Amino acid sequence: MFDVTALAAAERADLAVLLRSLTPQQWQTPSLCAGWSVRDVVTHMLSYEELNPTGFARRYARGRLRLYRANTIGLDDYAGHGPQQLLDLLDRSIRPRGFTTAFGGRIALTDGMIHQQDIRRPLGILREIPAERLVPALNFARIAPPLGAGWRIRGLRLAATDFDWAAGRGPEVRGPGEALLLCIAGRRGVAEELEGPGQAILRARIDR
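Note that the structure is predicted; figures quoted are calculated from it, not measured. (Residues numbered from 1 in each chain as written. Predicted model: local features only at pLDDT ≥ 70, side-chain atom pairs only at ≥ 80, totals over all residues. Heavy atoms only, no water.)

Trainee: I'd like a rundown of the layout of surface pockets, residues and numbers included.
Mentor: A volume near 1100 Å³ is recorded for the largest pocket. Taken together, 37 residues line the largest pocket, and the ones lying closest to its centre are His44, Leu67, Asn71, Pro146 and Leu147. At the level of elements, α3 (38-49), α4 (53-62), α5 (67-77), α7 (106-123), α9 (150-153) and α11 (199-207) are the ones that each hand at least two residues to the lining of the largest pocket. Ranked by residue count, the leading element in the lining of the largest pocket is α7, at 6 residues. (1 Å grid on protein atoms, 1.4 Å probe; cavity = no way out; pocket = protein on both sides within 12 Å on 5 of 7 lines; lining within 4 Å. Points joined across faces, edges and corners; volume = space filled by probe spheres on them. Helix = DSSP H or I, 4+ residues; strand = E, 2+ residues; numbered from the N terminus.)

Trainee: Report on the state of the cysteines, specifying residues and quantitative values.
Mentor: Evaluated as defined, the whole model comprises 0 disulfides. Unpaired in this structure, Cys33 has its nearest cysteine sulfur neighbour in Cys183, at a distance of 14 Å. Note on Cys33: relative accessible area 10%, which makes it buried. (Disulfide = S-S within 2.5 Å. Buried < 20%, exposed > 50% of the residue type's maximum accessible area, 1.4 Å probe, protein only.)

Trainee: Tell me what's going on with the sheet that holds strand β3 (residues 172-175), and back it up with residues and numbers.
Mentor: Spatial strand order, β2-β1-β3: 3 strands in an open sheet with mixed pairing. One side of each edge strand has no neighbouring strand; the edge strands of this open sheet are β2 (166-167) and β3. Docked against the sheet, helix α10 (residues 177-184) engages β1 (157-160) and β3, running at close to 145° with respect to β1. (Pairing = 2+ DSSP bridges. Contact = heavy atoms within 4.5 Å. Axes fitted to C-alpha atoms, helices over the stretch in contact; angles between N-to-C directions.)

Trainee: Before we move on, could you go through the pairing of β1 and cite the residues and values that matter?
Mentor: By the bridge criterion, 4 bridges tie β1 to β3 in an arrangement that is parallel. By the bridge assignment, Arg157 is partnered in β3 with Glu172. Counting the residues that bridge the hairpin from β1 to β2 gives 5 residues.

Trainee: Could you give an account of the UniProt feature "domain: Mycothiol-dependent maleylpyruvate isomerase metal-binding" (unreviewed entry) in the protein chain, with specific residues and numbers?
Mentor: Under the feature "domain: Mycothiol-dependent maleylpyruvate isomerase metal-binding" (unreviewed entry), the UniProt entry names residues 9-95. A helix fraction of 68% and a strand fraction of 0% characterise residues 9-95, whose end C-alpha atoms lie 5 Å from each other. (UniProt positions renumbered as here; feature names shortened; annotations may be inferred.)

Trainee: An account of unusual backbone geometry is needed here, citing residue identities and associated values.
Mentor: Leave glycine aside and you will find that most residues have negative phi; peptide bonds, for their part, are mostly trans. One non-glycine residue, Phe103, lies in the positive phi region at around 55°. Checked against the element boundaries, Phe103 lands in the loop between α6 (83-92) and α7.

Trainee: Requested: an account of the pattern of salt bridges, with residues and values cited.
Mentor: Across all of its chains, the model carries 15 salt bridges by this definition. Between Arg127 and Glu11 there is a salt bridge, with the nearest N and O atoms lying 2.4 Å from each other. Taken as a pair, Arg127 in the loop between α7 and α8 (131-141) and Glu11 in helix α1 (residues 4-20) lie far apart in primary sequence, 116 residues in all. One salt bridge in this structure joins Arg127 and Asp14, with 3.8 Å as the shortest N-O distance. With Arg127 in the loop between α7 and α8 and Asp14 in helix α1, this pair connects stretches of sequence that are 113 residues apart. The exposure class of Asp14 is partly exposed, given its relative accessible area of 28%. Taken together, the salt bridges that share partners define one network made up of Glu11, Asp14, Arg127 and Arg133. (Salt bridge = Lys/Arg side-chain N within 4 Å of Asp/Glu carboxyl O.)

Okay, structure coming up:
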């Protein structure tokens, strides 16, 4: 049985090491999240760490019940935070403590893992993610409402080739677990790393 909160803390500790190695220019590099820089991604992640469920509800209401607007509000609220302030906030949040503790820490683990790859891939700073972290993240990403993955992966069987994990029924899409996770989350330009009879279907849905 996985201790998901501990896995999320390990993921965040890896992120902290990465962020401390970045130059000011790298903090401004465009991430895989359209329109967001590396700094924006970090700000987005940590802005939710400061919220309890009541605080999240208030931000969601301020965003007129649209998550993308709530995300923008979070970026605006933390617009004055530079890299060092964000690092200080991350240090206080290595172990999830805010809204991201929901679902037994699965939000913190899955969101943190996806966003860390949003940062790493454009910077060319690749890594191997332990399977013990990827398995619960893959399982949760398939059903996590904010990711909206249901229509994207419907009727497909996803199978990791670097460890024992598979889910779904239908034409198979197979490849590294990290690439599968990013495709579940709808990141463009990653499906090319996958193969199988369902690959073209998944790629078309992501690119739609």
